[in-house]
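Structural features, examined
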Amino acid sequence: MLDKYLNDPDAIGLARFNYGALHANADDRAALAAYIETLEGTDVAALSTDEAIAFWANLYNAVTIKVVIDNYPVKSIREIKSGWRAGPWKRNLVTVNGKSLSLDDIEHDILRKQYPSPLLHYMVNCASIGCPNLKSGLWTAATLRADQDAAARAYINSPRGVRITGKGLKISSIYKWFKEDFGGNKAGVIAHLKDHATGELATALNNGASIKKYDYDWSLNK
């Protein structure tokens, strides 16, 4: 399904997902629902740490695609509300080990609390242009660390992650919303960016470029 509906990264490094085509294909919609149901039946306690991280990220991404498809067409995932709140993240959408879970539960209460790492933010995709790309294949324990590093490097070195301007760096709001995961302050964020920056960005960071503005595009990554 990822091979069929996820495009290669474009000029700004964005991998767009063809939600419209998936929405129009009843068989593939059913296959996605069946995949999620299979994941719901997983005994997570039997998984290793890396297997569990990959499992939760795959579940989060599959459920996010499904909730967009179920409500398609939308221009932004924020149009799909949880009560009066923008976005579907607080809705209970799956049940794992007998517990009903929302996307927020998976991301914040499970992934970020149980397996804390800034690299988790490059694994979950919120169906938005501003987000790190949806991975072209499933997350797996065998290649987890290499794939996390590759995802971080791709995002940080794209204009959606960090952009060099005449006044300094304009960076993703992810680094503001979750700054505690990136060292707790701007210095910690800069250190994290340096770990993955290449080319012109690496040079700018090494020359003392500072964060001046945050930005995020909530438009659907279609």
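Residues numbered from 1 in each chain as written. Predicted model: local features only at pLDDT ≥ 70, side-chain atom pairs only at ≥ 80, totals over all residues. Heavy atoms only, no water.

Turning our eyes to something else, we now look at the overall build of the chain. From N to C terminus, the chain includes 9 helices and 5 strands. Along its sequence from the N terminus, the chain presents helices and strands in the succession α-α-α-α-β-β-α-α-β-β-α-α-α-β. A globule of 222 residues ought to have a C-alpha radius of gyration of about 17 Å, and the chain, at 17 Å, matches this closely. Dimensions of the chain, computed from C-alpha atoms along their principal axes, come out at roughly 50 × 35 × 35 Å. (Helix = DSSP H or I, 4+ residues; strand = E, 2+ residues; numbered from the N terminus. Rg over C-alpha atoms; globule rule 2.2 N^0.38 Å.)

Quick look at a positive patch on the surface now. Among the surface-exposed residues, K176, K179, K186 and K212 lie close enough to one another that they form a single positively charged patch. As for its placement among the helices and strands, K176 is situated in helix α7 (residues 174-177). (Patch = residues over 30% accessible without salt bridge, like charges linked within 9 Å, V, L, I, M, F, W, Y side chains within 5 Å. Areas by Shrake-Rupley, 256 points an atom, 1.4 Å probe, with all protein chains shown as cover. Salt bridge = Lys/Arg side-chain N within 4 Å of Asp/Glu carboxyl O. Lys, Arg positive; Asp, Glu negative; His and termini not counted. Charge placed at Lys NZ, Arg CZ, Asp CG, Glu CD.)

Summed over the entire model, instances satisfying the criterion amount to 9 salt bridges. D10 is the partner of R16 in a salt bridge, and the nearest nitrogen-oxygen pair spans 3.1 Å. Owing to a relative accessible area of 27%, R16 belongs among the partly exposed residues under this scheme. Its relative accessible area of 30% is what places D10 among the partly exposed residues. Note that D181 and R112 form a salt bridge whose closest N and O atoms lie 2.7 Å from each other. (Buried < 20%, exposed > 50% of the residue type's maximum accessible area, 1.4 Å probe, protein only.)

Between helix α4 (residues 49-70) and helix α5 (residues 103-114), the shortest axis-to-axis distance is 9 Å and the interhelical angle comes to 160 degrees. When the axes of α4 and α5 are compared, the pair comes out roughly antiparallel. As α4 runs across α5, the sense of the crossing is left-handed. The segment α4 lies against α5, with I53, W56, A57, L59, Y60, V63 and T64 engaging L103, I106, E107, I110 and L111. Residue classes in the contact of α4 with α5 are distributed as 10 nonpolar, 1 polar and 1 charged. (Axes fitted to C-alpha atoms, helices over the stretch in contact; angles between N-to-C directions. Parallel < 35°, antiparallel > 145°, perpendicular 65-115°, else oblique. Left-handed = near helix turned anticlockwise from the far one by under 90°. Contact = heavy atoms within 4.5 Å. Nonpolar A, V, L, I, M, F, W, Y, C, P; charged D, E, K, R; others polar.)

Generally speaking, a soluble globular protein has its nonpolar side chains buried in company with each other. Counting residues in each nonpolar core, the largest one holds 69 residues, and the members touching the most others are W56, L59, V68, Y122, Y175 and L193. Once residues within four sequence positions are removed from consideration, W56 is found in contact with V44, V96, L101, I106, I110, L111 and Y115. (Core = buried A, V, L, I, M, F, W, Y, C linked by side-chain atoms within 4.5 Å.)

Another aspect to go through is unusual backbone geometry. Residue P73 is reached from Y72 by a cis peptide bond, and omega for that bond is 5 degrees. Tracing the backbone through its elements, the reader meets P73 in the loop between α4 and β1 (92-96). One non-glycine residue, N97, lies in positive phi territory at about 55 degrees. Mapping N97 onto the fold places it in the loop between β1 and β2 (99-102). One non-glycine residue, A127, adopts positive backbone phi at about 60 degrees. Locating A127 in the fold gives a position in the loop between α5 and α6 (144-156).

Here we come to the pairing of β1. In this structure, β1 lies alongside β2, joined through 4 bridges in antiparallel fashion. For T95, the partnering residue across the bridge sits in β2 and is S100. Linking β1 to β2, which pair antiparallel, is a turn of 2 residues; within it N97 sits at a positive phi near 55 degrees. (Pairing = 2+ DSSP bridges.)

A separate point is the environment of H196. Relative to the elements of secondary structure, H196 occurs in helix α8 (residues 186-196). Classification of H196 as buried rests on a relative accessible area of 10%. Between the C-alpha atom of H196 and that of A152, which follows or precedes it by 44 residues, the distance is 6.7 Å. When neighbours within four sequence positions are excluded, H196 is seen to be in contact with L119, D149, A152, R153, I156 and N157.

Now for the environment of G184. Counting through the fold element by element, G184 comes out in the loop between α7 and α8. Take G184: its relative accessible area is 35%, and that puts it in the partly exposed class.

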